[in-house]
Amino acid sequence: MKIFFTNETKKLDRFTIENEPIKSIDLMERAASSVTFEIISRWKRNTPVVVFAGPGNNGGDALAVSRMLIEEGYTLDIYLFNPLQKLSQDCLKNRDRLQTIEGLKFSKSVKPSDSTNTFPHNGSHFTEITNEFIPPTLTKGTLVIDGLFGSGLSKPLSGGFGSVVQYINSSDATVVSIDLPSGLFGENNTENIPRNIVQADLTITFQYPKLAFMFAENEQFTGEWKIVDIGIHPDIIEQTETKYYYIELDEAARMIMKRSRFVSKHNVGHTLLIAGSKGMMGAAVLAAKAALHTGAGLVSVLSAACGEKILQTSVPEALFIADEQDSHISDIVLNRSYSAIAVGPGLGRHEETARAFYKLLGQIKRPIVLDADALNLLAGHTELIENLPKNTILTPHHLEFDRLFGKNDTSYERLNKAREMAIRYHIIIVLKGANTAIITPKGDVLFNSSGNAGMATAGSGDTLTGMITGLLAQGYHPIPAAILGVFLHGMAGDLAAEKDSQEYITARDIISQIGQAYKKLHNYRV
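Residues numbered from 1 in each chain as written. Predicted model: local features only at pLDDT ≥ 70, side-chain atom pairs only at ≥ 80, totals over all residues. Heavy atoms only, no water.

1. Some thoughts on the environment of His-477
So, point 1. Assignment of secondary structure puts His-477 in the loop between helix H15 (460-473) and helix H16 (478-499).
So, point 2. Owing to a relative accessible area of 41%, His-477 belongs among the partly exposed residues under this scheme.
So, point 3. When the C-alpha positions of His-477 and Pro-367 are compared, they lie 9.6 Å apart, and in sequence the two are 110 residues distant.
So, point 4. The contact partners of His-477, leaving out residues within four places of it in the chain, are Asn-391 and Leu-472. (Helix = DSSP H or I, 4+ residues; strand = E, 2+ residues; numbered from the N terminus. Buried < 20%, exposed > 50% of the residue type's maximum accessible area, 1.4 Å probe, protein only. Contact = heavy atoms within 4.5 Å.)

2. Topic: the side chain of Thr-242
So, point 1. Assignment of secondary structure puts Thr-242 in the loop between helix H7 (234-239) and strand S10 (244-247).
So, point 2. For Thr-242, a relative accessible area of 14% corresponds to the buried category.
So, point 3. At a separation of 2.6 Å, a polar atom in the side chain of Thr-242 contacts the main-chain carbonyl oxygen of Ile-3.
So, point 4. Polar contacts involving the side chain of Thr-242 include one to the main-chain amide nitrogen of Tyr-244, which spans 3.1 Å.
So, point 5. Apart from the residues lying within four places of it in its own chain, the contact partners of Thr-242 are Lys-2, Ile-3, Phe-4 and Asp-444. (Polar contact = N/O pair within 3.5 Å; in protein donor to acceptor, adjacent residues only side chain to side chain.)

3. Quick look at the side chain of Ser-66
So, point 1. Note on placement: Ser-66 falls in helix H3 (residues 57-71).
So, point 2. Among residues more than four places away in sequence, those in contact with Ser-66 are Val-51, Leu-76 and Ile-78.

4. A short note on the packing of helix H13 (residues 398-405) against helix H14 (residues 411-425)
So, point 1. Two elements in contact, H13 and H14, have axes whose closest approach is 11 Å; the angle formed by their N-to-C orientations is 55°. What the angle tells us is that H13 and H14 run oblique. Here H13 and H14 pass one another in a crossing that is left-handed. Here H13 contributes His-398, Phe-401, Asp-402 and Phe-405 to the contact with H14, which in turn contributes Arg-414, Lys-417, Ala-418, Met-421 and Tyr-425.
So, point 2. The class makeup of the residues in the contact of H13 with H14 is 5 nonpolar, 1 polar and 3 charged. (Axes fitted to C-alpha atoms, helices over the stretch in contact; angles between N-to-C directions. Parallel < 35°, antiparallel > 145°, perpendicular 65-115°, else oblique. Left-handed = near helix turned anticlockwise from the far one by under 90°. Nonpolar A, V, L, I, M, F, W, Y, C, P; charged D, E, K, R; others polar.)

5. Brief notes about unusual backbone geometry
Backbone geometry follows two general trends: most residues other than glycine have a negative phi, and most peptide bonds adopt the trans configuration.
So, point 1. Cis rather than trans, the peptide bond between Glu-20 and Pro-21 has omega equal to -15°.
So, point 2. Position of Pro-21 among the secondary structure elements: in the loop between helix H1 (9-19) and helix H2 (24-40).
So, point 3. The phi dihedral of Asn-391 is positive, around 70°, even though this residue is not glycine.
So, point 4. Positionally, Asn-391 belongs in the loop between helix H12 (373-379) and strand S16 (393-394).
So, point 5. Exposure remark for Asn-391: the relative accessible area of 16% places this residue in the buried category.
So, point 6. The phi dihedral of His-426 is positive, around 55°, even though this residue is not glycine.
So, point 7. Residue position: His-426 is located in the loop between H14 and strand S17 (428-431).
So, point 8. On the basis of relative accessible area, His-426 is assigned to the partly exposed category, the value being 31%.

6. Overview of the packing of aromatic side chains
So, point 1. All chains considered together, the criterion is met by 14 aromatic pairs.
So, point 2. Ring plane angle 70° and centroid distance 4.9 Å describe the contact between Phe-81 and Phe-133, whose orientation is recorded as edge-to-face. Residue Phe-81 is found in strand S3 (residues 76-81), and its partner Phe-133 is found in the loop between strand S5 (125-129) and strand S6 (143-147); the two are separated by 52 residues along the sequence. The pair Phe-81 / Phe-133 is uniform in exposure class, with both members buried.
So, point 3. Relative to Phe-161, the ring of Phe-149 lies with its centre 4.8 Å away and its plane at 85°, an arrangement referred to as edge-to-face. Linking Phe-149 in the loop between S6 and helix H5 (159-170) with Phe-161 in helix H5, this pair joins segments that are 12 residues apart in sequence.
So, point 4. Members of the aromatic cluster, connected to one another through ring pairs, are Phe-52, Tyr-79, Phe-81, Phe-133, Phe-149 and Phe-161. (Phe/Tyr/Trp six-rings, centres within 6.5 Å; stacked < 30°, edge-to-face > 60°.)

7. Comments concerning the pattern of salt bridges
So, point 1. Following the criterion strictly, the structure yields 19 salt bridges and no others.
So, point 2. A salt bridge links Glu-224 to Arg-42; the nearest nitrogen and oxygen atoms lie 2.9 Å apart. With Glu-224 in strand S9 (residues 224-228) and Arg-42 in the loop between H2 and strand S2 (49-53), the pair connects residues that are 182 residues apart, well separated along the chain.
So, point 3. Look at Arg-42 and you get partly exposed, because its relative accessible area is 35%. (Salt bridge = Lys/Arg side-chain N within 4 Å of Asp/Glu carboxyl O.)

8. Notes on the packing of H2 against helix H4 (residues 89-97)
So, point 1. At a minimum axis distance of 10 Å, the contact between H2 and H4 shows a crossing angle of 65°. What the angle tells us is that H2 and H4 run roughly perpendicular. The chirality of how H2 crosses H4 is right-handed. Seen from H2, the contacting residues are Ser-24, Ile-25, Asp-26, Met-28 and Glu-29; seen from H4, they are Asp-90, Lys-93, Asn-94 and Arg-97.
So, point 2. Within the contact of H2 with H4, the residues separate by chemical class into 2 nonpolar, 2 polar and 5 charged.

The structure is reproduced here in C-alpha cells:
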C-alpha cells in the first residue's frame, strides 16, 4: 500500500471525482459512511456523543457523520465552528442537509444565548459558533468526534482553536478523530505545538495511512488508527509516485518463493552466524533457531568455544565452529563458501573480536547482515561503512542508528537520515520499531504492518537477524529478504500474542510461531 503526503490528497480526490465520476459531496458521503460504520460497530446508541466540526472539509465529514448517527438513533451535541462565517462548499452542503431532519428549526446565530437549535430526534442539539464558545461538559463515557481540521492544515493551531483542542485534551472523554487528529501535520511535526494537537484514542483515516502515524512520538495524538477505504480511483493511486509504502499481508504473501519437490538442504542455503560470547550465547541460539525455522537448509554458528555445549544441546540441527578463545571470538576465518552471513547477536566488544570483525569486512564481497554488537563496533569505525558490499543489511534500533550516523531529535529526522545513508552507501537499513522501516538503496521506505508491543523483549532482534539471514541463504534478494523477514517476524509475534498475550511473549514464542506465520501467508496466496 502506498503512503502519500497530505498535499497529494486534493489531487487524488479530484481525479476520483472527475474519472469515477462522482460528485465531491458524494465522495464525502462515502467517507462519512465508513466513519459512521466504524463508530456504530464500537459504541452503543446510548453513548453521549459530542461533535466538534471545523469550517473546512474535515468539518463537512463530521457533519455528515453527525447526520448519519442521528439517523441511527444516537443523541448528539454538534458544534460547528464558523468564526469567519465562511464554510467550504461541501461543509456548507452538509450543514444544510441537517435541515432535512424532520421538524428541525434551523437558523444562523451569532450570540451564544440563541446559538442552539434543538433536533426533535432524541434530544440532539446543533450549535454554530460564530462568536463566543460556551464549551459543553465532557465527562468520562462521552464520545467526542473530532472533525476540526484534517489534512489541509498548514500551520500549528492557535487562538480559539488551540483552546478548544486543549479543552478536549483536558477531559476524560474518549476521542475519535476523522482522518487526522486536528492540529497534527501529516508528515513533519518538528515545528508543531504539541499542546494544540488533539490527543485521539482512535483515528479513522481515509484510504492510506499518514506518514506521521509511523513515528513513536505521535502515538499520543493518533492513538489506535484504522484505515477505511473510501474508493479513491485505483488509476491515480497507481500513477502517483511515492517513496513510502505500508506492507500488508497480501504484499508479503506474494514475495514467498515456491520450493521444488526435489530440493535438498544444499539448495536452500548454508547460513553462517558469527555470534555469541561468554554470557551471551542465548543470542546465538535464538538467531540459529530462527534461521532454521525460516527455511535455511544448513546453519553454522561461529562462536566462542564456551558456547559449543550450549549450541549443540539447544540447537542440535546447527553446526558449531569453535574459536580458539573460550570467552570471545578472536578470529574469523571463512573456510568455505556460505550462502549468507550475519554478524552481531551476542558478539560482545572484546578488542580481539573487534579486530577480527574489521578484518572480515575487508574480505566480504557479498551482502551480509549486521546487527547488535556488529553495529556498535562499526560505530567506532564509521569509515568502514563505505567498504560494505552493496545491499548489505543493517538492522539497528534507534539508539544503534544514532550511534552510527549521529543523534536525531525526532523520528522524522531519523528516517530522513536513514534514507540519506541508505542511498549514499547503497545499503539496506532495517530501522526497528513499532512499524519497522525497511529503507532501500534507492531511498524507498517500506513500513511493516505486522507485530505488536509484546515483541519488545530480549532476543527479539536476534530472532529477526536469524530470519532475514535464513531468507538470504535461500536465494531471496536482500530487499525482499528484509521485507519478508520483518513481516514474518511481526506476524509470528502477533500469533504468539493471540495464543497467550503480549505480556507473555518471549523470543522463543516468536520462533515457535514462524511456521504458522508461513502457513497464513501460503493460505492467503491460494
